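Fold and geometry: a report
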Amino acid sequence: SGGTTLIEGTDAGAAALTTTFTAENVAPLLAVRAVMGGAESVVLPAVQRILANWVPPSNKSLAVASVLSGFQLGTILAYLISPVVIDEFGGWRGMFFLYGAVGILWLVPWLAFANDVPSEADIVDQGHNCKEEETVLVNTLRDDDMSLVPEHAITSSRVRVETESVTSESEPPEIIIEPELPSSSAFEEAATVLQEAPWKKLATSRAVWAMAIAHAANNFGLYINLSWTPTFYAEQYGLSIKESALLSILPSVAGAFGGLLAGNAADYVIERSGGGLDERTAVRKAFQAIALLGPAFSLFTLANDMPSSPFTAQLLLTGAIGMQAFNCAGYGAATQEKASKWTGLLYSVTSLPGVIFGSIGVALTGDILDKTGQDWSSVFSLVALVDVVGALAFVVLYNSKREFD
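Since this is a predicted model, take the numbers as computed values, not measurements.

1. Describing the packing of aromatic side chains
Under the defined criterion, the tally for this structure stands at nine aromatic pairs. Measuring from centroid to centroid gives 6.1 Å for Trp228 and Trp376, while their planes differ by 65°, and the two rings are edge-to-face. Of this pair, Trp228 sits in helix α9 (residues 206–237) while Trp376 sits in helix α16 (residues 376–397); the two residues are 148 residues apart in sequence, bridging distant segments of the chain. When sorted by exposure, Trp228 lands in the same class as Trp376, which is buried. Within the aromatic cluster, the residues linked to one another by ring pairs are Trp228, Phe232, Tyr233, Tyr237, Trp376 and Phe380.

Given below as structure tokens:
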């Protein structure tokens, strides 16, 4: 396992340790949570880099959707388990201990089996299935464009298939694996990346701005949903914590299935349409528009006519989260198209404004509720308006042309 794998493993350990620490120390909660958030910040950029190394271009949308469905699954499990742990096993302290322990245990299989790139054995197996005179050319992480690698293999070594001596179908071609040169330390590589990164090009790219604005709009609604939905059910309908958590499960289920549906559909449409630049751009714009305008419609409906039943509100929020998950085929997969070696950096650059904007949204929601006497219609209207702005920005500014190699 390489640097990216180690980074994600370190994140899991940091999250686990800081969560456990907080369970015994309430005073530094905010500081410890900030440390935990900093450790978690590497997850999605690292995932984007791993997907760039492992996944062929024809499956980019589904790969991103599959990873993000794991986030929804975690949310579902948290809603199911947390109320029980709080009630039966020591309140919030028991919940923090449980999640901290799970994070530590997850380190074991992650560090044991996860890899930044496929192993050489995998490449050999794939090479044996190559047709005569077919060459598998594989980029290293130092090369220009991982996405141009044939679908047979992607690895950190270069593989050459010799077919001249093949005499029958039973005799596989000879596989010659040329080892990489030793790499420099992780810190030196990180410094090199920062020096060589195309910062000016990133800052002036219309597509990067489109992705950043769409990501920010998505996070604004996502963070508010995760932080405030149980409170909405409790204040608007007088439900208990456990009842509010149970009502929050269905939207997360819709998010998981919506993402997988969008990923499959986007990859299918791109493949059937020829996969050209115009086709890929149109698909990304269409799916991102659904991911933001769909939730905007649901939330405007909820804001303009607040239902008397919590189950009606749940259905509208379920529709919003289900359609929001379509962003995996929008800006989520766009990162894979716009960059190769800079995939992780591009995702970091476009997600940073989203993290800041989403955090502002959480705080702003509390302020709005305090000043309006718990008027949730104002909150939902604001989120819907932000979604519309994000959708328009992405549709106007984005294109799928590769810019960062």
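2. Here's the deal with the side chain of Gln314
Position of Gln314 relative to the elements: it lies in helix α13 (residues 310–324). On the basis of relative accessible area, Gln314 is assigned to the buried category, the value being 10%.

3. Things to note about the environment of Phe311
Relative to the assigned elements, Phe311 resides in helix α13. In this structure, the C-alpha to C-alpha distance between Phe311 and Tyr233, residues 78 residues apart in sequence, is 9.9 Å.

4. Brief notes about the pattern of salt bridges
By the definition in use, this model includes three salt bridges. Note that Lys338 and Glu403 form a salt bridge whose closest N and O atoms lie 2.7 Å from each other. Taken together, the positions of Lys338 in helix α14 (residues 331–338) and Glu403 in the segment after α16 put the pair 65 residues apart, joining distant regions of the chain. Lys371 is the salt-bridge partner of Asp367, the closest N and O atoms lying 3.3 Å from each other. Here Asp367 pairs with Lys371, and both are found in helix α15 (residues 343–372), just four residues apart, close to one helical turn. Overall, the relative accessible area of 32% leaves Asp367 in the partly exposed class. A relative accessible area of 67% places Lys371 in the exposed class.

5. As for the confidence of the model for the protein
Parts of the model with low pLDDT should not have their predicted coordinates read in detail. For the protein, the average pLDDT comes to 78, and 72% of its residues sit at 70 or higher. The spread of mean pLDDT over the elements of the protein runs between strand β1 (residues 158–162), the lowest at 45, and α16, the highest at 97. Contacts of residues 174–182 to residues separated by more than four positions or lying in other chains number 24 contacts, the stretch itself having pLDDT below 50.

6. Considering the environment of Leu346
Tracing the chain through its elements places Leu346 in helix α15. A sequence separation of 134 residues divides Leu346 from Ala212, and the C-alpha atoms of the two residues are 9.7 Å apart.

7. A short note on the packing of α14 against α15
Orientation of α14 relative to α15, taken along the N-to-C sense of each, is 140°, at an axis distance of 9 Å. One way to sum up the angle between α14 and α15 is to call them oblique. The handedness of the crossing between α14 and α15 is right-handed. Residues Thr335, Gln336 and Lys338 of α14 form the contact with α15, whose own contacting residues are Thr343, Leu346 and Tyr347. Looking at the contact of α14 with α15 residue by residue, the classes come out as two nonpolar, three polar and one charged.

8. Comments concerning the environment of Tyr331
Residue position: Tyr331 is located in helix α14. With 44 residues separating them along the chain, Tyr331 and Phe287 place their C-alpha atoms 9.0 Å apart. Apart from the residues lying within four places of it in its own chain, the contact partners of Tyr331 are Met211, Ala214, His215, Asn218, Asn219, Gln288 and Phe394.

9. Let's talk about a nonpolar patch on the surface
A cluster of nonpolar side chains, Leu73, Leu77, Leu80, Ile81, Leu98, Tyr99, Val102 and Leu246, forms an exposed patch at the surface whose accessible area comes to about 660 Å². Counting residues per element, the nonpolar patch draws most heavily on helix α4 (residues 60–88), at four residues. Along the chain, Leu73 turns up in helix α4.

Reading guide: rules and limits
Residues numbered from 1 in each chain as written. Predicted model: local features only at pLDDT ≥ 70, side-chain atom pairs only at ≥ 80, totals over all residues. Heavy atoms only, no water. Phe/Tyr/Trp six-rings, centres within 6.5 Å; stacked < 30°, edge-to-face > 60°. Helix = DSSP H or I, 4+ residues; strand = E, 2+ residues; numbered from the N terminus. Buried < 20%, exposed > 50% of the residue type's maximum accessible area, 1.4 Å probe, protein only. Salt bridge = Lys/Arg side-chain N within 4 Å of Asp/Glu carboxyl O. pLDDT = per-residue confidence, 0-100. Contact = heavy atoms within 4.5 Å. Axes fitted to C-alpha atoms, helices over the stretch in contact; angles between N-to-C directions. Parallel < 35°, antiparallel > 145°, perpendicular 65-115°, else oblique. Left-handed = near helix turned anticlockwise from the far one by under 90°. Nonpolar A, V, L, I, M, F, W, Y, C, P; charged D, E, K, R; others polar. Patch = residues over 30% accessible without salt bridge, like charges linked within 9 Å, V, L, I, M, F, W, Y side chains within 5 Å. Areas by Shrake-Rupley, 256 points an atom, 1.4 Å probe, with all protein chains shown as cover.

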